[in-house]
Amino acid sequence: MALPGINTAFAISFILAAGDYVVPSMVGGTGGVMIGNVVANQFNGLGANWPLGAALAYLVVGSVVAVYLLTSRLTRAATRW
């Protein structure tokens, strides 16, 4: 009974991940530098630098988690009665 929900969760997460990969290319254009493009470029091409790409991806994930934890803590403190 849980399989349709699991399939839907995988589909939604794939759509969101694909959008996060494609949108910076469309918004930034050829002259713009966005972190998604920088990370993706580290894994592609002849001079691929996988350790740097992994470190940049780790920093992006870490910063997103830090911002999430900060905002959730501030929201929890602001809504406490």
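To be clear, the structure that these remarks concern was listed above.
Residues numbered from 1 in each chain as written. Predicted model: local features only at pLDDT ≥ 70, side-chain atom pairs only at ≥ 80, totals over all residues. Heavy atoms only, no water.

Caption draft 1: Geometry of the overall build of the chain. Helix and strand content of the chain: three helices and zero strands. Going from the N terminus to the C terminus, the chain shows its helices and strands as α-α-α. Put simply, the chain has 81 residues, and 10% of those count as buried. Total accessible area on the chain is roughly 6800 Å²; 74% of this is exposed by carbon and sulfur atoms. (Helix = DSSP H or I, 4+ residues; strand = E, 2+ residues; numbered from the N terminus. Buried < 20%, exposed > 50% of the residue type's maximum accessible area, 1.4 Å probe, protein only. Areas by Shrake-Rupley, 256 points an atom, 1.4 Å probe, with all protein chains shown as cover.)

Caption draft 2: Quick look at a nonpolar patch on the surface. Together, Val-23, Met-26, Val-27 and Met-34 make up a nonpolar patch on the protein surface, roughly 380 Å² of accessible area in all. Note on placement: Val-27 falls in helix H1 (residues 3-28). (Patch = residues over 30% accessible without salt bridge, like charges linked within 9 Å, V, L, I, M, F, W, Y side chains within 5 Å. Salt bridge = Lys/Arg side-chain N within 4 Å of Asp/Glu carboxyl O.)

Caption draft 3: Expanded view of the environment of Ile-35. With respect to the helices, strands and loops of the structure, Ile-35 is situated in helix H2 (residues 35-43). Using a relative accessible area of 47% as the deciding quantity, one classes Ile-35 as partly exposed. Through-space distance from the C-alpha of Ile-35 to that of Val-60 is 8.2 Å; in sequence the pair is 25 residues apart.

Caption draft 4: Local environment of H2. Along H2, the residues that are buried comprise Asn-37, Val-39, Ala-40 and Gln-42. Where H2 ends, the next residue or the one after it, Gly-45, has phi of about 90°, a positive value.

Caption draft 5: Spatial organisation of the packing of aromatic side chains. Summed over all chains, the structure comprises one aromatic pair. For the ring pair Phe-43 and Trp-50, a centre distance of 5.1 Å and an interplane angle of 90° mean the geometry is edge-to-face. Given the relative accessible area of 55%, Trp-50 is considered exposed. (Phe/Tyr/Trp six-rings, centres within 6.5 Å; stacked < 30°, edge-to-face > 60°.)

Honestly, that's just the spatial picture; any functional story needs more than this.
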